[in-house]
Every structure is written in structure tokens, then in C-alpha cells.
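Fold and geometry: a report
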Amino acid sequence: MSEPSHLSQIRTAYDVVADDYAALLADALAASLFDRAVLGAFAELVLADGGGPVGHLGCGPGRVTAHLASLGLAAFGVDLSPGMVAVARRTYPHLRFDQGSISDLAIADGVLAGAAAWYSIIHTPPSLQPSVFASFIGSSARPATWCWRSRSVTTNGAIWGWRTGTTSTSMPGD
Ligand SMILES: C[S@@+](CC[C@H](N)C(=O)[O-])C[C@H]1O[C@@H](n2cnc3c(N)ncnc32)[C@H](O)[C@@H]1O
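An account of the accompanying structure is given in this report. None of the values given here were measured: they were computed from a predicted structure. (Residues numbered from 1 in each chain as written. Predicted model: local features only at pLDDT ≥ 70, side-chain atom pairs only at ≥ 80, totals over all residues. Heavy atoms only, no water.)

Applying the stated criterion across every chain, the model contains 1 aromatic pair. An angle of 80° between the planes, with centres 6.1 Å apart, marks the rings of Tyr14 and Tyr21 as edge-to-face. Residue classification places Tyr14 among the partly exposed positions, given a relative accessible area of 21%. Positioned over the ring face of Phe76 is Arg96, at 4.3 Å from the centre of the ring. (Phe/Tyr/Trp six-rings, centres within 6.5 Å; stacked < 30°, edge-to-face > 60°. Buried < 20%, exposed > 50% of the residue type's maximum accessible area, 1.4 Å probe, protein only. Lys NZ or Arg CZ within 6 Å of the ring centre and 35° of its normal.)

Given below as C-alpha cells:
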């Protein structure tokens, strides 16, 4: 069966811009107190729950994967774009990066202690997002923690959210 057309379009687009994207955002986390605060809280929640593998789903060049690893998480990245995966492996050779789709994760149910989707679900059509989120939860070890960062389809403003245990939060961002 052929894959949905939006996946091949995303793959092609990010393959083309992988090196430029990595250069453009190389220092973005250092400049964003808000992003570091959300990711720091996410890391604390995962570690407080015992830690374990954390998937950065739609990892791009791996900058956020590396940040999560620096916070003590056993973080690895997954991305649709081989170009992005190549940049991530080259930049962070000590970390693991796999090629794959967040809509069809090759991660067994019950493996992840946490999942972070940082500006990656923005490319998933809204009608398919519930199944992607269900897949994140299915790949989690326990009442797991996951966080996401995106843009509102109605206001185009930044939004973020997370779920830990049975608690879900989503809010406007910066
Ligand atoms: C805006 S970039 C964000 C990259 C990274 N999370 C960051 O913040 O630097 C979006 C990334 O999501 C990836 N992506 C989009 N849809 C995906 C999917 N269905 N499966 C895996 N990766 C996907 C793209 O290839 C791209 O690398």
C-alpha cells in the first residue's frame, strides 16, 4: 500500500532544507526561555516517574533530542526525513536517530517512558492527529508523560500541551 501523499511531501521538503534548518535553529533553544522551561518540566516529570526511553518524535536535526539528553533523559530521535536523520547523526553521533513516521511508530507498545513532539504534528492533517496521539500513548511504558509544541490552526499562535498520568494540559505559548 502506498503511503499518504502528505508524508512524501513532508519528507521531500525537509530533505531539501535539512542543512539550512539545522543552521537556522542551532541557537534557538538558548534564546527561548519558554521552550527550555517546558522541556525542563517534561524531563523532571519523566525522571520523577522513574525515567526510561524517551522518543523525540519528528526530531529534525536533533537539537531538542540533544537538549533532552543533556537533562538526563535516555532520549532518541525519530524523523520521516532521511536528510534530517543524517544531519542529526552527524551532529550528535553519541545519540540514536531512526528514520520513521510518527503515524506508524516502529516502537513496541509499553516501551516509552515519555514522548516529545516538538513542532512535528503541525504537519499531520487535523483529521489524523487523534490516531497519532493514540499511537504515542500506546508506545508508552506507564501512565507516561508526553509533551508537544505546535501552532494553533485558528490563530496561528504558538500552543503547547502535555499529558502526565491522567492529567492533560494545553495552553497558548509565547
Ligand atoms: C518543524 S521541524 C521540527 C524538528 C524538531 N522537532 C525541532 O524542533 O527542531 C518538523 C519535523 O517533523 C518531521 N515530521 C513531520 N511529520 C512527520 C511524521 N509523520 N513522522 C516523522 N517525522 C515527521 C519533519 O520531517 C521535520 O523534521
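After that view, the rundown keeps rolling.
Taken together, 21 residues are adjacent to the ligand, and Gly58, Arg63, Asp79, Ile102 and Trp118 come closest. Ile102 places a main-chain nitrogen or oxygen 2.8 Å from a nitrogen atom of the ligand. One nitrogen or oxygen atom from the main chain of Trp118 is found 2.7 Å from a nitrogen atom belonging to the ligand. Counting residues per element, the ones that place at least two in the shell around the ligand are helix H1 (5–24) and helix H4 (63–70). (Near = heavy atom within 4 Å. Polar contact = N/O pair within 3.5 Å; in protein donor to acceptor, adjacent residues only side chain to side chain. Helix = DSSP H or I, 4+ residues; strand = E, 2+ residues; numbered from the N terminus.)

Take the pattern of salt bridges next. Inspection of the entire model under this criterion finds 3 salt bridges. Put simply, Arg11 and Glu3 hold a salt bridge, and the shortest N to O gap is 2.7 Å. Two residues, Arg96 and Asp98, come together in a salt bridge whose shortest N-O distance is 2.7 Å. (Salt bridge = Lys/Arg side-chain N within 4 Å of Asp/Glu carboxyl O.)

The next subject is H4. Among the 8 residues that make up H4, 6 are buried, leaving the element largely enclosed by the rest of the structure. Buried within H4 we find Arg63, Val64, Thr65, Ala66, His67 and Leu68.

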